[in-house]
Amino acid sequence: SISSERESHKAATMNPANKPERPTVVIFTGNSNTGMAAIQALLKYYQDKVFIRAVVRSKKNIPKLKDLPVEIFECDLNRPQLHDGLFKGQVNAAYFATPQTEDRAALTNKFIDLCAANGVDYPVVLSVTAAEAKKSLFQKQMSEIEEYAKAKTGSPIKAQAWDTGKNVLMPIVLRAPAFYQNLLGSAAEIKEKGTFTYPLQLGYLPHVDIDDIGRAIAAILVNPNAHGGKTYNIIGEYSAGNQLASIFSRTTGKNVRYNEMSKEAFLALLKGFGVPDWQANGLVDHVAFFVEGGGQGIASDFKAITGEEPTKFSQFVKDKMKPYL
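None of these values were measured; they are calculated from a predicted model.

1. Structural notes on the pairing of strand 1 (residues 24-28)
Of all five residues in strand 1, five are buried; the element is thus mostly enclosed. Side chains Thr 24, Val 26 and Phe 28 of strand 1 all project onto a buried face; the interleaved residues Val 25 and Ile 27 project onto the opposite face, where all are buried too. Sheet analysis places strand 1 next to strand 2 (residues 51-56), joined by five bridges and oriented parallel. If you follow Phe 28 over to strand 2, its bridge partner there is Val 55. Handedness of the crossover joining strand 1 and strand 2 through helix 2 (residues 33-45): right-handed. Two elements, strand 1 and strand 4 (residues 93-96), share four bridges in a ladder whose sense is parallel. Each bridged residue has a counterpart across the sheet, and for Val 26 the counterpart in strand 4 is Ala 94.

2. Considering the sheet that holds strand 6 (residues 172-176)
Strand order in the open sheet formed by seven strands is 3-2-1-4-5-6-10, with parallel pairing between adjacent strands. The outermost strands of the open sheet, each flanked by one partner alone, are strand 3 (71-74) and strand 10 (231-233). Strand-to-strand, the axes of this sheet are offset by a mean angle of 20°, without reference to chain direction. Those strands touched by helix 3 (residues 104-117) are strand 1, strand 4 and strand 5 (122-128), and its axis lies near 170° from that of strand 4.

3. Focus: the confidence of the model for the chain
Across the chain, the average pLDDT comes to 92, with 92% of residues at or above 70. Overall, residues 1-17 carries pLDDT values under 50, and its contacts beyond four positions in sequence, including any with other chains, amount to 28 contacts.

4. Topic: the pairing of strand 2
Look at any regular strand and the pattern is simple: side chains alternate between the two faces of the sheet. Among the six residues of strand 2, six are classified as buried, and the element is accordingly described as predominantly covered. Burial along strand 2 is two-sided: the residues Phe 51, Arg 53 and Val 55 and Ile 52, Ala 54 and Val 56 are all buried. Where strand 2 and strand 3 come together, four bridges link them in parallel fashion. Following the sheet pairing, Ala 54 is matched in strand 3 by Ile 72.

5. Quick word on the packing of aromatic side chains
Counted under the stated rule, the structure contains 15 aromatic pairs. Note on Phe 289 and Phe 290: the rings are 5.0 Å apart at their centroids and 80° apart in plane angle, and the pair reads as edge-to-face. We note that Phe 289, like Phe 290, is buried. Clustering of aromatic rings is evident, with ring pairs tying together Tyr 180, Phe 196, Tyr 198, Phe 248, Tyr 258, Phe 266, Phe 313 and Phe 316. Between Arg 22 and the ring centre of Phe 51, over which it is positioned, the NZ or CZ distance is 3.9 Å.

6. Considering helix 3
Given a rise of 1.5 Å per residue, 14 residues ought to cover 20 Å, and the 20 Å separating the end C-alpha atoms of helix 3 matches this to within 8%. Of all 14 residues in helix 3, 10 are buried, a share of seventy percent or more. When helix 3 is considered as a whole, its buried residues turn out to be Arg 104, Ala 105, Leu 107, Thr 108, Asn 109, Phe 111, Ile 112, Leu 114, Cys 115 and Ala 116. Elements that come into contact with the buried residues of helix 3 comprise strand 1, strand 4, strand 5, helix 4 (137-152) and helix 9 (277-291). One or two positions beyond helix 3, positive phi appears at Gly 119, with a value near 75°.

7. Things to note about the nonpolar core
Burial of nonpolar side chains together is a common tendency in soluble globular proteins. Formed by 41 residues in total, the largest nonpolar core has its most connected members in Ile 39, Leu 42, Leu 174, Leu 221 and Ile 234. Listed by contribution, the elements that provide at least two residues to this core are strand 1, helix 2, strand 2, strand 4, strand 5, strand 6, helix 6 (210-222) and helix 10 (302-306). Not counting the four nearest positions on each side in its chain, Leu 221 is found in contact with Val 25, Ile 27, Leu 42, Ala 93, Ala 94, Tyr 95 and Val 124. If you look at the next biggest cluster of nonpolar residues, it comprises 29 residues, including Leu 205, Met 261, Phe 289 and Met 321.

8. Some details on the sheet that holds strand 9 (residues 205-208)
In a beta sheet, neighbouring strands are held together by backbone hydrogen bonds and run either parallel or antiparallel to one another. Pairing in this open sheet of three strands is mixed, and the strands run 7-9-11 from one edge to the other. Strands with a single pairing partner mark the edges of an open sheet, and in this sheet they are strand 7 (178-179) and strand 11 (237-239).

Calculation criteria
Residues numbered from 1 in each chain as written. Predicted model: local features only at pLDDT ≥ 70, side-chain atom pairs only at ≥ 80, totals over all residues. Heavy atoms only, no water. Buried < 20%, exposed > 50% of the residue type's maximum accessible area, 1.4 Å probe, protein only. Helix = DSSP H or I, 4+ residues; strand = E, 2+ residues; numbered from the N terminus. Pairing = 2+ DSSP bridges. Right-handed = clockwise from strand over helix to strand, strands pointing away. Axes fitted to C-alpha atoms, helices over the stretch in contact; angles between N-to-C directions. Contact = heavy atoms within 4.5 Å. pLDDT = per-residue confidence, 0-100. Phe/Tyr/Trp six-rings, centres within 6.5 Å; stacked < 30°, edge-to-face > 60°. Lys NZ or Arg CZ within 6 Å of the ring centre and 35° of its normal. Expected span 1.5 Å × (residues − 1). Core = buried A, V, L, I, M, F, W, Y, C linked by side-chain atoms within 4.5 Å.

Listed below in structure tokens is the structure:
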């Protein structure tokens, strides 16, 4: 494990009775998109309630986190010699950013097992919208995770010193759709050509601001008892292609026209960007699931978790995308 502030952090987290002043939450990995969003939300809303241990799989990812008031810890699930100390102190909740690798179901399930073995009551894992449909590869991978989490729910776990949990495993699943941020890749086309091209046909795609995912993760990590064993949907809104183009038009003040893209063209585009074949095919099929009418009308649980409304896509474009348009 590594941390430029390890000893000062250790001293700060212990009171004279050697009991942590407040719990530590683990973010695995801290340099991932959702992990970073969760850290930013924890620092903004809950910095006085928890300490943050941000995990990196490699030392090369440290620079992304080194200026933040977090403990940095190196760990790789496939290298058991690095596991020691991952959950030291009072850790009852930990978030795992499902990796963008083909073996992500196995890795996420391994993380759930690691939590149980170390007395962490509440592993929080990321899934996808409508995972139960098991139509796309992504849904099949995530349903495997969800089924494993459900099978482990309520099983006894190791008791920790100062444990405030129930000593049973209570995994928490967050189902998320595509991120608004994915459409930043269309900014150049919108700016240069006045067009927005995407394979939506007449379908409606659910999507969400990644910062809202981070906000929901943070809220759960600081109060996991209220969420143990639950599955949540975090959705911003559903949008059709022409609606997205209309939002770009209103934001930029110029006419932006929606162009349809075939599944084949979408697949070729992704592969051209270097996306691995399994992931490119999986994404094409996942988008097609919604375009063809699957997973529609799912209510978002974001307000129930945070007390706030999810970010609208129009607000995201105004706040975070307009500078690129």
